[in-house]
Amino acid sequence: MTNKQKYREFCKIEKDIPIFSQDWWLDAVCGEDNWDVAIVERGGEIWATMPYYIKKKWGFTLITMPPLTQTLGPYIKYPQGQKYYKKLSWEKEIMNELIDQLPEFDYFYQHWHYSITNWLPFYWRDFKQTTRYTYIIEKNISLELLEEKFETDIRRRRKKAYKLGLQIVSYEDVNLFYNLNKMTFNRKEIEVPYNYELVEKIYNSSKRNNAVDLLFAVYKDKPVSAGFFIKDYNTRYYLMGGINPDYKDLGGMDVVIFEAIRKTLNENKNFDFEGSIIESIEKYFRSFGSVQKPYFAIYKINSKILKLRNCLKEILKEVLG
């Protein structure tokens, strides 16, 4: 069996693998032939995996993040009863084997799941790191206690939305969602960074794996906002959203997200907003009482040309301020 074939079987039995590292997700966002996986085995048992997306551009081989994919990176199992010292030694051994299995590349860039807190073995192999953040509502909180943590505007807008008669409805209509999603980008005069075909493919694959919810806020029989949510064994993720700008003051997005959070806590899962480096969006996610979680962006440049380009970019950033 190839590594990919082994990994497909592994995904069937290993329930804690995040959705973004599942084989069916990678087929949808990368294409079946554009991803592979490094695997560490001991005694015929898989102990660690690291899927990766390979892209060719301008003659360079890039290992990078697929579209609409929050994290990849290592997934590691640990021997039972392992002490902390041994755990770090195990991670070093395992991560070095994963690195050794990577194909030759000019550029490597991956976001790792926030549960991976040790990247030193990659540092010792000349990889670099920057920190990003996501926002989590953890499953051990009650909805009542969480609501007490909501920022005042969230409470006010949600109350207003319900008073106006907004209802939350689940529709299996990807096209309707995508049209609302596009409106959000159009209002900001930003090009949508993905096409309808990709969104439809993700929806269909997620539906086959019982891993998707499309929730709409409906006002007077008209869908005015929507959220695209996906889930794995442990977590529901807010993947995408959309609002009709003519109705943006109704609080539709607030009630869509609230309903998704309510469903998530009822299922005893974490809710992951996926975070954002856009200040206004970060503030919005934080206003739901979520907890900030740091995660790693790991990168390495092997190509001399790309190293020079990156160096010039940094110099220009310093000069221009």
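Read on for a plain summary of the structure. These figures come from a predicted structure and were not determined experimentally. (Residues numbered from 1 in each chain as written. Predicted model: local features only at pLDDT ≥ 70, side-chain atom pairs only at ≥ 80, totals over all residues. Heavy atoms only, no water.)

**A look at the layout of surface pockets**
As a reminder of what qualifies: In this analysis, the protein atoms alone were mapped onto a 1 Å grid. Cavities are point sets where a 1.4 Å probe fits without being able to get out; pockets are open sets with protein on both sides within 12 Å along at least five of seven lines; lining residues have an atom within 4 Å of a point. Grid points are joined across faces, edges and corners, and a volume is the space filled by probe spheres set on the points. Starting at the N terminus, helices and strands are each numbered in turn, a helix being any DSSP run of H or I of at least four residues and a strand any DSSP run of E of at least two. Lys, Arg, Asp and Glu make up the charged group, whereas Ala, Val, Leu, Ile, Met, Phe, Trp, Tyr, Cys and Pro make up the nonpolar group; the residues left over, Gly among them, are polar.
Of the volumes computed, that of the second largest pocket is approximately 460 Å³. Along its surface, the second largest pocket is lined by 28 residues, and Y75, H113, Y114, S115 and I116 are the ones closest to its centre. Elements represented by at least two residues in the lining of the second largest pocket include exactly β2 (45-57), β4 (75-76), α3 (84-101) and β10 (235-243). With five residues, α3 is the largest single contributor of residues to the lining of the second largest pocket. In terms of residue class, the lining of the second largest pocket is made up of 14 nonpolar, ten polar and four charged.

**Comments concerning the pairing of strand β9 (residues 222-231)**
The test is simple: Only protein chains enter the area calculation, which uses a 1.4 Å probe; residues under 20% of their type maximum are buried, those over 50% are exposed, and those in between are partly exposed. A strand pair is defined by DSSP finding two or more bridges across the two strands.
Here β9 lies mainly inside the structure; nine of its ten residues are buried. In terms of strand pairing, strand β8 (residues 212-219) meets β9 through eight bridges, oriented antiparallel. When the sheet's bridge partners are listed, V218 is paired in β9 with P223. Pairing analysis gives seven bridges linking β9 to β10, with the strands arranged antiparallel. The residue of β10 that forms the bridge with K231 is R236. Remark: three residues form the turn of the hairpin made by β9 and β10, two consecutive strands paired antiparallel.

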